[in-house]
Amino acid sequence: MNEKSENRKALPKFTLSLLGSLLAGGAIGFAVGLSRALGLDAAVLAGALSSALEAVTPWGIPVTSALTLGGCFILYRFAARKFAAWDGGDEDAASESIDAALSWVLLLSSVQLLCNLFFLSAFCIYWLDRDLRHLALVGVFLLSCGLVIFAQQKAVDLTRRMNPEKRGSVYDSKFQKKWLDSCDESERRQIGEASYRAYTVTIRLCLGLWLALVLLSMVFEISLLPAFVLLLVWGTMQVAYALESIRLGKRN
């Protein structure tokens, strides 16, 4: 009876979500059909977007690096001064503010790494075969990645100074495992909750991207490869999560 009650409670919300998705898809399909009826050229729009990306690609890594890594430097200096000025009183408030600043350092540096990979991919598409002088962008890419690793290393080192029981180095390929092994039960629970939240958000993102690719394929000439790669990543995540849950269940 409890299962049926839960299903009855969840069914109206699920039905409304499904109807909303159908209405949104219908509206987008109508807009696509209307654009074709009005003679809007999707190829022209795609060309304009491609030209814009081509123009910003050489500046992408330097500009984003200045913004994100500059923010990392400011946040790290704040955390380092806070730690140096801490006299042992009100440990929770001080450590929380330092941990928050260092967490933002790790977040911004990770975002910059993704930006580096994106603009390097764009460089290989638009600029690699044009002029060897543009290969300097590869050097900028390597420099930015080095600064990303340096920022993460400084954040981890300061965290270890605050918590001497922590172990691991960002230069170690097994850093995440060693760091997790040195965490206490509270930190492990926090990591587990954050990981599950990231898992659910990624599932919704994959579903949204798949829907976007289906709709965009009605307007632009998109091959099956993007959808295949997206579903491959999505499926790998789902299978890995299920297998790890089975393994942990047996161990427990």
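Cut-offs applied
- Residues numbered from 1 in each chain as written.
- Predicted model: local features only at pLDDT ≥ 70, side-chain atom pairs only at ≥ 80, totals over all residues.
- Heavy atoms only, no water.
- Helix = DSSP H or I, 4+ residues; strand = E, 2+ residues; numbered from the N terminus.
- Buried < 20%, exposed > 50% of the residue type's maximum accessible area, 1.4 Å probe, protein only.
- Contact = heavy atoms within 4.5 Å.
- Areas by Shrake-Rupley, 256 points an atom, 1.4 Å probe, with all protein chains shown as cover.
- Salt bridge = Lys/Arg side-chain N within 4 Å of Asp/Glu carboxyl O.
- Phe/Tyr/Trp six-rings, centres within 6.5 Å; stacked < 30°, edge-to-face > 60°.
- Patch = residues over 30% accessible without salt bridge, like charges linked within 9 Å, V, L, I, M, F, W, Y side chains within 5 Å.
- 1 Å grid on protein atoms, 1.4 Å probe; cavity = no way out; pocket = protein on both sides within 12 Å on 5 of 7 lines; lining within 4 Å.
- Points joined across faces, edges and corners; volume = space filled by probe spheres on them.
- Nonpolar A, V, L, I, M, F, W, Y, C, P; charged D, E, K, R; others polar.
- Core = buried A, V, L, I, M, F, W, Y, C linked by side-chain atoms within 4.5 Å.

(A) Quick peek at the overall build of the protein chain. Each helix and strand counted, the protein chain has seven helices and zero strands in total. Ordered by position in the sequence, the α and β elements of the protein chain form the string α-α-α-α-α-α-α. Within the protein chain, buried positions represent 23% of all 252 residues. Once local pairs closer than 6 in sequence are excluded, the contacts in the protein chain between residues at least 24 apart make up 63%. Carbon together with sulfur atoms contributes 68% to the accessible area of the protein chain, which is approximately 17,700 Å² in total.

(B) Structural detail: the pattern of salt bridges. One pass over the full model with this rule turns up six salt bridges. A salt bridge links Arg188 to Asp181; the shortest N-O distance between them is 3.9 Å. Exposure remark for Asp181: the relative accessible area of 37% places this residue in the partly exposed category. Via salt bridges that share partners, Glu165, Lys166 and Glu187 belong to a single interconnected network.

(C) Summary view of the packing of aromatic side chains. A full pass over the atoms with the stated rule returns four aromatic pairs. For the pair Phe175 and Trp179, a centre-to-centre distance of 5.5 Å together with 45° between the ring planes defines the contact as tilted. Pair noted here: Phe175 and Trp179 are both in helix 5 (residues 175–181), with a separation of four residues, about one helical turn. Taken individually, Phe175 and Trp179 each receive the classification buried, so the pair is uniform in this respect. Between Tyr199 and Tyr241, the aromatic rings sit 4.2 Å apart at their centres with planes inclined by 15°, giving stacked as the arrangement.

(D) Expanded view of a nonpolar patch on the surface. Together, Leu225, Phe228, Val229, Leu232 and Val233 make up a nonpolar patch on the protein surface, roughly 490 Å² of accessible area in all. Mapped onto the fold, Val233 is located in helix 7 (residues 225–251).

(E) Layout of the layout of surface pockets. The volume enclosed by the largest pocket comes to roughly 1,500 Å³. Forming the walls of the largest pocket are 33 residues, and the residues nearest its centre are Ser103, Leu106, Thr159, Trp179 and Ile191. Here the lining of the largest pocket gets eleven residues from one element, more than from any other, and that element is helix 3 (residues 91–126). Looking at the lining of the largest pocket, its residues break down into 16 nonpolar, ten polar and seven charged. Size it by volume and the second largest pocket reaches roughly 660 Å³. Together, 16 residues line the second largest pocket, and Ile191, Gly192, Ser195, Glu244 and Leu248 are the ones closest to its centre. At the level of elements, helix 6 (185–216) and helix 7 are the ones that each hand at least two residues to the lining of the second largest pocket.

(F) Broad picture of the nonpolar core. Tyr76, Ala79, Ile98, Leu102, Val105 and Leu158 are the most contacted members of the largest nonpolar core, which totals 15 residues. Put simply, the parts of the chain that give this core at least two residues each are helix 2 (42–85), helix 3 and helix 4 (136–162). The biggest single contributor to this core is helix 2, with six residues. In this structure Leu102 touches Tyr76, Ala79, Ala155, Leu158 and Thr159, once residues within four positions along its chain are discounted.

So yeah, pure geometry; function would need other evidence.
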